[in-house]
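Given next are the chains, with one letter for each unit.
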Amino acid sequence: MESSGTRQAATEARKAQIASAAIAVLAERGYPETTFEAICRHAGLSSKRLISYHFSTKEQLFEAVVRQVVSDAAAFMRPAIEAASGARAQLEAFIRANIAFIAAHPAHVRAVQQIAFNRAPVGGGERDAAIARLVALFDDGQRSGAFRAFDSVLMATSLRAGIDAVADRVAGGLDPGHCADELAELFDRATARTPRPS
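**Some details on the nonpolar core**
Here's step 1: Counting 30 residues, the largest nonpolar core has Leu91, Ile99, Ile102, Phe138, Leu159 and Leu183 as its most contacted members.
Here's step 2: Of all elements in the fold, only α4 (58–83), α5 (87–104), α7 (124–144), α8 (152–171) and α9 (176–191) reach the threshold of two or more residues within this core.
Here's step 3: In this structure, Ile99 is in contact with Ile163, Val166, Val170, Pro176, Cys179, Ala180 and Leu183, ignoring residues within four places of it in sequence.
Here's step 4: Ranked by size, the runner-up nonpolar core spans 23 residues in total, among them Ile23, Leu26, Ile39 and Ala43.

Here you go:
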């Protein structure tokens, strides 16, 4: 007899399998061709009912895709950010790790872009949480004296927009090291407590 914990783990594994297949299909074929049938074929599932059992609508599935991408990015970035000491170093680590994730996972970027460009926004909660984490970093840096006084929400939104703006180019082959260098320098200058010499 299967325990409820085992069943729950199997359910979560199946959902992750479906979300991963949806990421791949979105990235390869685009939004219009991302059907339950196409996802089913990519995942090697015997029936699309296995998808609709877990996700009754495409909207639910696409919300799971966004959550999966956010979770994968956080897991990828966390070690670099946690290893950094001080707000300035953490900001640089955040930028560099985020760009490295984009370069290493271009399908994730394309999948989220396909969702964002073709339908009403999903994942607003995840995006708000990402902005909130940046706001906390900026607020901590201001309290410690590492950063100058500025509007933390505006700075966090600007950083997120800057990374999002180059994501497609990085996923398409732009040198991620160069991109990370430029963004790290830009936001170090923007947040620095005293103007740095040119």
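The rest of the description comes next.
**A look at the pattern of salt bridges**
Here's step 1: Per the stated rule, a full pass over the model turns up 7 salt bridges.
Here's step 2: One salt bridge connects Arg88 with Asp188, and the closest N-O pair in it is separated by 2.8 Å. Separated by 100 residues along the polypeptide, Arg88 in helix α5 and Asp188 in helix α9 bring together distant segments of the chain.
Here's step 3: Relative accessible area serves as the criterion here: at 38%, Arg88 is assigned to the partly exposed category.
Here's step 4: Here Arg96 and Glu92 are joined by a salt bridge, their closest N and O atoms 2.8 Å apart.

Conventions used here
Residues numbered from 1 in each chain as written. Predicted model: local features only at pLDDT ≥ 70, side-chain atom pairs only at ≥ 80, totals over all residues. Heavy atoms only, no water. Core = buried A, V, L, I, M, F, W, Y, C linked by side-chain atoms within 4.5 Å. Buried < 20%, exposed > 50% of the residue type's maximum accessible area, 1.4 Å probe, protein only. Helix = DSSP H or I, 4+ residues; strand = E, 2+ residues; numbered from the N terminus. Contact = heavy atoms within 4.5 Å. Salt bridge = Lys/Arg side-chain N within 4 Å of Asp/Glu carboxyl O.

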